[in-house]
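These are the residues of each chain, in order.
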Amino acid sequence: MRMVDVIDHKRNGGELTNAEIKFFVDGVVDGSIPDYQTSALLMAIYFNGMADGEQAELAMQMLRSGDQLDLSDIPGIKVDKHSTGGVGDKTSLPLAPMIAALGIPIPMISGRGLGHTGGTLDKLEAIPGFKVELSEDQFKQQVKDIHLAIVGATGNIAPADKKIYALRDVTDTVDSIPLIAGSIMSKKIASGTDALVLDVKTGSGAFMKTENQARDLAKALVSIGQNAGMDCMALISDMNQPLGRMIGNALEIQETIDILKGNGPADITDLVLTLGSQMVVLAKKAQTLAEAREMLETVVANGKALESFRQMVVAQGGDGKVVDDPTIMPQAKYKVDLPAKTSGVVAKMTADEIGIASMLLGGGRQTKDDQLDYAVGIELHKKVGDPVQKGEPLLTIYANREDIDNVKTLLYDNIEIADSAEPITLIHEIVK
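All values derive from a computational prediction rather than experimental measurement.

1. Quick word on the packing of helix α5 (residues 92-100) against helix α14 (residues 304-315)
Stage number 1. Viewed as axis vectors pointing N to C, α5 and α14 meet at an angle of 110°, and their least axial separation amounts to 8 Å. What the angle tells us is that α5 and α14 run roughly perpendicular. Here α5 contributes Leu93, Pro97, Met98 and Ala100 to the contact with α14, which in turn contributes Ala305, Ser308 and Phe309.
Stage number 2. The class makeup of the residues in the contact of α5 with α14 is six nonpolar, one polar and no charged.

2. Thoughts on the sheet that holds strand β5 (residues 231-238)
Stage number 1. Reading across the sheet, the four strands line up as β1-β4-β5-β13 and stay open at both edges, with mixed pairing between neighbours. Whereas interior strands pair on both sides, the edge strands pair on one side only; in this sheet they are β1 (79-83) and β13 (427-431). Going from strand to strand, the sheet's axes swing by 20° on average, the running direction of each strand aside.
Stage number 2. Pairing of β1 with strand β4 (residues 195-202), which is carried by five bridges, proceeds in the parallel orientation. When the sheet's bridge partners are listed, His82 is paired in β4 with Leu198.
Stage number 3. Contacting β1, β4, β5 and β13, helix α12 (residues 266-282) crosses the sheet at an angle of about 155° to β4.

3. Comments concerning the packing of aromatic side chains
Stage number 1. Scanning the entire structure with this criterion turns up one aromatic pair.
Stage number 2. Consider the rings of Tyr46 and Phe47, whose centres lie 5.3 Å apart with planes at 90°: the pair is edge-to-face.
Stage number 3. Judged by its relative accessible area of 32%, Tyr46 falls in the partly exposed class.
Stage number 4. The side chain of Lys341 reaches across the aromatic face of Tyr412, ending 4.1 Å from its centre.

4. So, unusual backbone geometry
Stage number 1. One non-glycine residue with positive phi stands out, namely His147, at about 70°.
Stage number 2. Structurally, the position occupied by His147 is in the loop between α7 (136-146) and β3 (148-151).
Stage number 3. By relative accessible area, which is 27% here, His147 ends up partly exposed.
Stage number 4. Here the phi dihedral of Ala158 falls at roughly 50°; this positive angle occurs in a residue that is not glycine.
Stage number 5. Classification of Ala158 by relative accessible area gives buried; the value is 1%.

5. Section: the domain arrangement of the protein chain
Stage number 1. Domain annotation for the protein chain reports domain 1 (3-49), domain 2 (79-323) and domain 3 (331-418).
Stage number 2. Taking the mean C-alpha position of each, domain 1 and domain 2 sit 31 Å from one another.
Stage number 3. The interface of domain 1 with domain 2 comprises 12 residues on the first partner and 12 residues on the second.
Stage number 4. Summing both sides of the interface, domain 1 and domain 2 together bury roughly 1100 Å²; the carbon and sulfur share of this comes to 80%.
Stage number 5. Looking at the side of domain 1 facing domain 2, the largest losses of area belong to Val28, Leu42 and Tyr46, adding up to 47% of the total buried there.
Stage number 6. Taken together, the connections running from domain 1 to domain 2 amount to zero salt bridges.
Stage number 7. Seen at the junction of domain 1 and domain 2, the total is two residue pairs in polar contact (both at pLDDT 80 or more).
Stage number 8. For the side of domain 1 that touches domain 2, the element with the highest residue contribution is helix α3 (residues 35-48), accounting for seven residues.

6. Details of the side chain of Thr38
Stage number 1. Within the fold, Thr38 resides in helix α3.
Stage number 2. With a relative accessible area of 2%, Thr38 lands in the buried category.
Stage number 3. Non-local contacts of Thr38, meaning those with residues more than four positions away in its chain, are made with Phe24, Val28, Ile33 and Leu167.

7. Observations concerning the sheet that holds strand β11 (residues 393-399)
Stage number 1. Here we have four strands laid out as an open sheet, ordered β6-β9-β11-β7, and antiparallel in their pairing. Two strands bound the open sheet, and with one partner strand each, they are β6 (246-247) and β7 (334-339).
Stage number 2. In this sheet, β11 lies alongside β7 in antiparallel orientation, the contact comprising six bridges. Directly across from Leu338, in β11, lies its bridge partner Leu395.
Stage number 3. Each of β6, β9 (377-380) and β11 is contacted by helix α15 (residues 351-361), which is oriented at about 140° to β9, the strand it contacts most.

Quick notes on the rules
Residues numbered from 1 in each chain as written. Predicted model: local features only at pLDDT ≥ 70, side-chain atom pairs only at ≥ 80, totals over all residues. Heavy atoms only, no water. Axes fitted to C-alpha atoms, helices over the stretch in contact; angles between N-to-C directions. Helix = DSSP H or I, 4+ residues; strand = E, 2+ residues; numbered from the N terminus. Parallel < 35°, antiparallel > 145°, perpendicular 65-115°, else oblique. Contact = heavy atoms within 4.5 Å. Nonpolar A, V, L, I, M, F, W, Y, C, P; charged D, E, K, R; others polar. Pairing = 2+ DSSP bridges. Phe/Tyr/Trp six-rings, centres within 6.5 Å; stacked < 30°, edge-to-face > 60°. Buried < 20%, exposed > 50% of the residue type's maximum accessible area, 1.4 Å probe, protein only. Lys NZ or Arg CZ within 6 Å of the ring centre and 35° of its normal. Domains from an automatic or database assignment. Buried area = accessible area lost by both parts, 1.4 Å probe. Salt bridge = Lys/Arg side-chain N within 4 Å of Asp/Glu carboxyl O. Polar contact = N/O pair within 3.5 Å; in protein donor to acceptor, adjacent residues only side chain to side chain.

Here is the structure:
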């Protein structure tokens with residue numbers, strides 16, 4: 001088999017065979033296929049797409065290119081959740097302990113952020129002492145002991161994806177649905193869970209800007225998961241404005257604790273309970289979504305979910321006092337309110353630009369080597385649809401430098417106040 005023939009097949013609109021896909025992935029990993037030929041095939045896939053079977057085979061070959069976790073010795077149905085990411089999206093942090101508090105094992109392998117804001121691991125590292133790196137044995141033992149661990153990838157999971165992703169980034173083929181789906185699902189299937197709930201974001205702060213794109217991606221992800229024998233479903237949720245009130249690493253841990261105490265903002269609390277209900281049903285702990293939601297609300301009300309979060313923090317070397325006193329995390333030197341310039345109703349808050357404002361403060365990375373400032377970020381006092389008076393604070397900027405005029409300008413440019421606002425629907429669609 002020659003790589004040029006594989007490229008020709010896809011360039012002319014054909015469906016790649018399983019043998020061709022295996023040849024491609026093997027060649028990427030062992031270095032026998034040069035980057036220019038890999039890039040040519042990625043561009044052919046970008047323009048011609050892939051059928052369901054091709055997408056599934058690409059994901060499976062990428063996962064077989066490296067290590068796979070065997071979690072079969074952990075009792076129960078292992079469930080996980082993955083989000084395509086967004087501004088203020090700390091959903092995994094309150095969701096995982098709620099699920100664990102019901103005795104459902106949650107072996108969660110998460111990532112770091114590149115761009116708007118920190119990833120799940122970055123947020124957890126705002127807690128003094130918290131360690132995101134555990135050995136495979138430690139990871140499995142912790143899930144057995146307390147039903148929950150949130151860690152970075154261990155071992156050599158999906159090495160083909162790392163090489164392919166680096167080339168996608170520099171060849172402008174990142175936003176190809178088959179390639180996104182293969183990247184996400186190769187790692188999720190390799191992580192060894194039995195069931196997966198996917199939160200696919202749509203809107204200005206999401207990777208998929210339109211609902212049609214988000215639906216196509218959700219269907220691709222679910223199809224790959226189900227083809228691999230995983231119990232899998234997706235939810236499409238809105239990312240036209242930031243999720244919750246807090247944006248920034250320590251701030252989002254603080255909001256996580258508020259949610260687990262039953263005092264979180266309505267939008268993210270609803271999303272957590274909606275996703276969590278699906279996970280509880282997939283774990284066969286409840287027959288209906290209504291019953292599952294009631295179970296989750298109960299473990300929040302009786303404090304078991306918060307205690308589950310504390311147990312995880314302590315088990316991974318963190319200071320459990322953070323649950324009672326979030327100020328033990330890094331604190332910003334300056335807190336600056338951004339007053340409304342006019343009265344009216346908040347009509348728009350462009351999520352990705354507000355995320356970039358947090359990044360400019362130091363809360364996100366522009367390159368993978370950037371050091372995060374855990375203390376900085378933004379606290380929203382108003383969301384879309386809220387009335388506001390001239391001079392009333394729209395938000396508070398948490399900064400460690402005095403000169404933040406560029407951040408203020410960016411925020412003013414991306415918050416609109418009008419006479420009325422179109423309501424935002426948080427949950428768009430369920431894909432099974």
